[in-house]
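Summary of the model geometry
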Amino acid sequence: MTPKSTNRRPKPEHMTGTDDGVVAAHWESVWTSKAPEINSWFEASPTTSLELIKRHAAPPRSAIDIGGGSSPLTRCLYQEGFRDLSVLDVSHAALTESRANFADHSGDITWIVADMNQWTPKRTYDIWHDRAAFHFLVAEEQVQRYAQTCGAAVAPGGLLVIGTFDLDGPASCSGLPVQRRSISTLMACFESDFVAIDATETTHITPSGTRQSFVFIAARRMAPVE
Ligand SMILES: C[S@@+](CC[C@H](N)C(=O)[O-])C[C@H]1O[C@@H](n2cnc3c(N)ncnc32)[C@H](O)[C@@H]1O
């Protein structure tokens, strides 16, 4: 796919909420203030995420990337044959950037501008992926709401892949505090609806050369109890 620029903006699905748009304004500012390639979280190849998804969910499968920003993950899944793909982000600018990188295939993707902490999915997905967005939820009630949303949105047998800063990772990102977790404390957030099937610790090298410790978990959605 050849990237091309576009000014089309994804239509907001849900931008109202208790934070009065503070979260959205923060991330819009982040995404419009510098080139995506120099953001600390930038990775040219989403190796860990892709490995976990390919190991545990063969295409065709529906997938959503939460806080996807301009991550190449969805493009990689598209190239792997996945066709029912969605990307959610609170920032218009992030999704506009991501959309431009899809060139002629951007219309095949569902772009959702929404705050993950307020969003209610209208459908289910086979795969729910989140790298470095969930860890911005530092209040227990936010974590619980996010986990409940995952439980409702991931189809039984579906896959959850979440990556966050490890316990020795940074305490903040983009000027916001984050909740660092071990593999077991990350998995514990989702244990009411999911069973752990895989996990790994990785080191992300930022564009400026800093090492950041990450943990990733993969978990299977359990069938609802009758
Ligand atoms: C650290 S970046 C990670 C981006 C991407 N997942 C990646 O790995 O390249 C965090 C992303 O989450 C988005 N984000 C932060 N808070 C959010 C929220 N409450 N709802 C939806 N997206 C959010 C930001 O706009 C940003 O794109």
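This text gives an overview of the structure that appears in the document. (Residues numbered from 1 in each chain as written. Predicted model: local features only at pLDDT ≥ 70, side-chain atom pairs only at ≥ 80, totals over all residues. Heavy atoms only, no water.)

This part covers the packing of aromatic side chains. Within this structure, the stated rule accounts for 12 aromatic pairs. Ring plane angle 75° and centroid distance 5.6 Å describe the contact between Phe102 and Trp111, whose orientation is recorded as edge-to-face. Take Phe102: its relative accessible area is 0%, and that puts it in the buried class. One aromatic cluster is present, formed by Trp119, Trp128, Phe134, Tyr146 and Phe190 through successive ring pairs. It is Arg83 that lies over the ring of Tyr78; its NZ or CZ is 3.8 Å from the centre. In this structure, Arg131 is placed above the aromatic ring of Phe214, and the distance from its NZ or CZ to the ring centre is 5.2 Å. (Phe/Tyr/Trp six-rings, centres within 6.5 Å; stacked < 30°, edge-to-face > 60°. Buried < 20%, exposed > 50% of the residue type's maximum accessible area, 1.4 Å probe, protein only. Lys NZ or Arg CZ within 6 Å of the ring centre and 35° of its normal.)

Relative to strand β10 (residues 211–221), strand β9 (residues 194–205) runs antiparallel, the two sharing 11 bridges. Residue pairing across strands places Ala196 opposite Ala219, the latter belonging to β10. Connecting the antiparallel pair β9 and β10 is a turn made up of five residues, with Gly209 showing a positive phi of about 95°. (Pairing = 2+ DSSP bridges. Helix = DSSP H or I, 4+ residues; strand = E, 2+ residues; numbered from the N terminus.)

Now for the side chain of Ser213. Structurally, the position occupied by Ser213 is in strand β10. A distance of 3.0 Å separates polar atoms of two side chains, one belonging to Ser213 and the other to Asp168. When neighbours within four sequence positions are excluded, Ser213 is seen to be in contact with Thr164, Phe165, Asp166, Asp168, Gly169 and Thr202. (Polar contact = N/O pair within 3.5 Å; in protein donor to acceptor, adjacent residues only side chain to side chain. Contact = heavy atoms within 4.5 Å.)

This part takes up the packing of helix α1 (residues 22–33) against helix α4 (residues 92–101). Look at α1 against α4: their axes get within 7 Å of each other, and the N-to-C directions meet at 40°. Put simply, α1 runs oblique to α4. Here Glu28, Trp31 and Thr32 of α1 lie close against α4, whose contacting residues are His92, Ala93 and Ala94. Of the residues that constitute the contact of α1 with α4, the class distribution is three nonpolar, two polar and one charged. (Axes fitted to C-alpha atoms, helices over the stretch in contact; angles between N-to-C directions. Parallel < 35°, antiparallel > 145°, perpendicular 65-115°, else oblique. Nonpolar A, V, L, I, M, F, W, Y, C, P; charged D, E, K, R; others polar.)

With respect to spatial proximity, 19 residues lie near the ligand, and among them Gly67, Asp89, Asp115, Met116 and Arg131 are the closest. Within the backbone of Gly67, one N or O atom sits 2.8 Å away from a nitrogen atom of the ligand. In this structure, Asp115 approaches the ligand through a side-chain N or O atom, which is 2.8 Å from a nitrogen atom. Alone, the ligand offers 590 Å² of accessible surface; in the complex the protein occludes 97% of this. Secondary-structure elements contributing two or more residues to the shell around the ligand are α1 and β3 (84–89). Counted by class, the shell around the ligand contains 11 nonpolar, five polar and three charged residues. (Near = heavy atom within 4 Å. Areas by Shrake-Rupley, 256 points an atom, 1.4 Å probe, with all protein chains shown as cover.)

Bear in mind that shape data such as this cannot, by itself, settle questions of function.
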